[in-house]
Amino acid sequence: MSEARARLLSTASGLFYSEGLHSVGIDRIIATAGVTRATLYRHFPSKDDLVVTYLTQADEAIRTRVNAARTQDASPDDVVRTVGRFIADDIQSPGFRGCAFLNAAAEYPDPTHPVHQAVLRHRQWFLATMTELFSETGKPDPDPAARHFVMLRDGAMAAGCLTDPKPICETFLRGTEGLLKYRSRHQSDY
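Conventions adopted
Residues numbered from 1 in each chain as written. Predicted model: local features only at pLDDT ≥ 70, side-chain atom pairs only at ≥ 80, totals over all residues. Heavy atoms only, no water. Helix = DSSP H or I, 4+ residues; strand = E, 2+ residues; numbered from the N terminus. Buried < 20%, exposed > 50% of the residue type's maximum accessible area, 1.4 Å probe, protein only. Contact = heavy atoms within 4.5 Å. Salt bridge = Lys/Arg side-chain N within 4 Å of Asp/Glu carboxyl O. Axes fitted to C-alpha atoms, helices over the stretch in contact; angles between N-to-C directions. Parallel < 35°, antiparallel > 145°, perpendicular 65-115°, else oblique. Left-handed = near helix turned anticlockwise from the far one by under 90°. Nonpolar A, V, L, I, M, F, W, Y, C, P; charged D, E, K, R; others polar. Core = buried A, V, L, I, M, F, W, Y, C linked by side-chain atoms within 4.5 Å.

Enquirer: Kindly report on the overall build of the protein chain, identifying the contributing residues and their values.
Expert: Per the secondary structure count, the protein chain includes nine helices and zero strands. Taking the principal axes of its C-alpha atoms as reference, the protein chain extends roughly 60 × 35 × 30 Å. For the protein chain, the residues scored as buried account for 43% of the 190 residues in total. Considering only contacts in the protein chain between residues 6 or more positions apart, those separated by 24 or more positions represent 68%.

Written out as structure tokens, the structure is:
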């Protein structure tokens, strides 16, 4: 990746996350990154391309963290806990403004739009990955457990930027423990 492209993407990512996708214009990105309009369009043919790249980079960062959790010498339950902890850590980080993907979906509700499609690809991967992780625990009903985990995460991400994130994260992590502890063949309905 060229230095100019990296600077553009870093600048746009920070602005998009902190201020919103629609509210940040190309002129602001160009001025903040200190590049020319031609440089921006050489690397990103449109603002939509830049937004999709921003989301793709966020997706790759999450995949890297989940894969790192999976490669640790940890029990399957502990891998799920690690994923939950990094979500809670993100929610409690300075400047947290919710989930980049949920925010993007709210700004781009058309399911055929490339930005919305990037959100869906990430969410489909995340749900499939959580289903695999819950399957690896050996407990029954990994599909509803994974869906429940994703819903807990979505709620924690939304609430975590509205109020004190500490109790939100404690509740989210308690819910994760509940999913690991209380699943049994007799309690398959969530």
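Enquirer: Give me the lowdown on the pattern of salt bridges, citing residues and values where you can.
Expert: Counting across every chain of the model gives 13 salt bridges. The partner of Glu3 in a salt bridge is Arg7, and the shortest N-O contact between them spans 2.3 Å. Of this pair, Glu3 and Arg7 both sit in helix α1 (residues 3-19), four residues apart, roughly one helical turn. With relative accessibility at 54%, the residue Glu3 sits in the exposed group. Residue classification places Arg7 among the partly exposed residues on the basis of a relative accessible area of 28%. Close ionic contact of Asp154 with Arg123 constitutes a salt bridge, the shortest N to O distance being 2.6 Å. With Asp154 in helix α8 (residues 142-160) and Arg123 in helix α7 (residues 114-136), the pair connects residues that are 31 residues apart, well separated along the chain. The class for Arg123 is partly exposed, based on a relative accessible area of 26%. Salt bridges sharing partners connect three or more residues here, namely Arg70, Glu132 and Glu136.

Enquirer: Can you explain the packing of α1 against helix α2 (residues 26-33)? Please cite residues and give values.
Expert: Running from amino to carboxyl end, α1 crosses α2 at an angle of 125°, the nearest separation of the two axes being 9 Å. Relative to α2, the element α1 is oriented oblique. In terms of crossing hand, the pair formed by α1 and α2 is right-handed. For the pair α1 and α2, contact is made by Arg7, Leu8, Thr11, Ala12, Leu15, Phe16 and Glu19 and by Arg28, Ile29, Thr32 and Ala33, respectively. Grouping the amino acids of the contact of α1 with α2 by side-chain chemistry returns six nonpolar, two polar and three charged.

Enquirer: Report on the environment of Asn103, specifying residues and quantitative values.
Expert: Among the secondary structure elements, Asn103 is positioned in helix α6 (residues 100-107). Residues within four places of Asn103 in sequence aside, it is in contact with Arg97 and Gly98.

Enquirer: Please set out the nonpolar core residue by residue, giving values where relevant.
Expert: Across soluble globular proteins, nonpolar side chains have a tendency to be buried as a group. By size, the foremost hydrophobic cluster in this structure holds 55 residues, and its most contacted members are Phe16, Ile29, Leu55, Val83, Met130, Phe134 and Phe149. Counting residues per element, the ones that place at least two in this core are α1, α2, α4 (47-71), α5 (76-91), α6, α7, α8 and α9 (165-181). When near neighbours in sequence (up to four residues on either side) are disregarded, Ile29 contacts Leu8, Thr11, Ala12, Leu15, Phe16, Val24, Leu40 and Leu50.

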